[in-house]
Amino acid sequence: MSRIVVVTSGKGGVGKTTTSAAFATGLAMRGYKTAVIDFDVGLRNLDLIMGCERRVVYDFVNVINGEASLKQALIRDKRTENLYILPASQTRDKDALTKEGVGQIISDLCADGFDFVVCDSPAGIERGAHMAMYFADDAVVVTNPEVSSVRDSDRILGLLQSKTQKAEQGEIVREHLLITRYSPDRVQAGEMLGMEDILEILAVPLIGVIPESQSVLQASNSGTPVILDKESDAGKAYDDFVRRFLGETVPHRFLEVEKKGFLKRLFG
């Protein structure tokens with residue numbers, strides 16, 4: 001049975017699209033047929049991070065409006081088998097998304113044998129975000145370790161519990177917390193919230209902590225999901241996150257200040 005997963009947050013710039021790309025890639029790498037949909041109509045970015053921007057012919061809104069078929073709009077990833085991207089429109093506004101249209105696309109993807117449909121939500125609480133979360137079975141709530149980001153995530157949790165199809169049916173959307181851009185050094189220096197503080201505020205099961213890393217920016221600029229960078233801490237942390245989502249027991253890493261050896265202390 002297909003699972004619909006929304007990657008969401010209240011605040012922009014926390015790494016939702018980076019997370020959606022890495023998450024969908026990680027699922028596909030494990031043999032699951034996966035589609036990732038960009039819901040950020042007017043501000044399309046997922047295709048850039050996935051490195052397929054030059055292959056976009058039709059988009060999400062074209063399919064909703066009957067201007068193209070779903071098969072025409074889906075872009076098959078060249079690096080990872082089983083992975084497909086449905087890009088957003090750059091020229092329409094978010095009012096182009098309708099509950100009926102989005103529901104039909106998700107229904108068609110499920111009927112076509114997709115194991116997972118990952119919905120890359122725009123930031124905030126407007127229409128695009130509501131459409132991205134409405135049909136979700138699971139929600140990955142992405143937050144940075146700063147007060148404003150955590151507060152906005154708390155508001156998103158309220159919407160997940162009240163404004164989704166599951167909520168209307170008296171069921172719950174499974175919630176998972178992913179903390180991005182985490183720096184143990186800065187936590188120790190009191191410059192950002194610690195993991196325990198965030199968990200106390202949001203009270204959502206922790207599924208992953210992604211360390212602050214230059215490799216995330218480098219991967220985005222090269223159009224490569226960072227999970228494919230097996231040498232970077234961020235790539236390893238995203239891989240751990242995917243494994244936990246699929247039910248594996250994986251210890252959390254990158255939470256402690258790295259102990260420096262003598263030479264590192266000597267030469268900085």
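Residues numbered from 1 in each chain as written. Predicted model: local features only at pLDDT ≥ 70, side-chain atom pairs only at ≥ 80, totals over all residues. Heavy atoms only, no water.

**Q** Which parts of the structure should I look at to understand the packing of helix α1 (residues 16-29) against helix α12 (residues 233-245)?
**A** Two quantities define a packed helix pair, namely the angle between the axes and the distance from one axis to the other. Running from N to C, α1 and α12 cross one another at 60°; their axes reach a closest spacing of 9 Å. Between α1 and α12, the angle falls in the class oblique. Handedness of the crossing formed by α1 with α12: right-handed. Facing Thr 18, Thr 19, Ala 22, Phe 23, Gly 26 and Leu 27 of α1, the residues of α12 in contact are Tyr 238, Phe 241, Val 242 and Phe 245. Its residues placed into classes, the contact of α1 with α12 shows 7 nonpolar, 3 polar and no charged. (Axes fitted to C-alpha atoms, helices over the stretch in contact; angles between N-to-C directions. Helix = DSSP H or I, 4+ residues; strand = E, 2+ residues; numbered from the N terminus. Parallel < 35°, antiparallel > 145°, perpendicular 65-115°, else oblique. Left-handed = near helix turned anticlockwise from the far one by under 90°. Contact = heavy atoms within 4.5 Å. Nonpolar A, V, L, I, M, F, W, Y, C, P; charged D, E, K, R; others polar.)

**Q** Is there a simple way to explain the side chain of Thr 8 in this structure?
**A** Position of Thr 8 relative to the elements: it lies in strand β1 (residues 3-8). Setting aside residues up to four positions removed in sequence, Thr 8 forms contacts with Lys 16, Ser 121, Met 133, Val 140, Val 141, Val 142 and Ile 156.

**Q** Help me out: how do you make sense of the pairing of strand β2 (residues 34-38) in this one?
**A** Two faces, one strand: in a regular strand the side chains alternate between the faces of the sheet. Across the 5 residues of β2, 5 count as buried, placing the element largely inside the fold. Side chains Thr 34, Val 36 and Asp 38 project from β2 onto one buried face, and the interleaved Ala 35 and Ile 37 project onto a second face that is buried too. Two elements, β2 and strand β4 (residues 83-86), share 4 bridges in a ladder whose sense is parallel. Its bridge partner being in β4, Val 36 is matched across the sheet by Ile 85. By the bridge criterion, 5 bridges tie β2 to strand β5 (residues 116-120) in an arrangement that is parallel. Paired with Ile 37 across the bridge in β5 is Cys 119. (Buried < 20%, exposed > 50% of the residue type's maximum accessible area, 1.4 Å probe, protein only. Pairing = 2+ DSSP bridges.)

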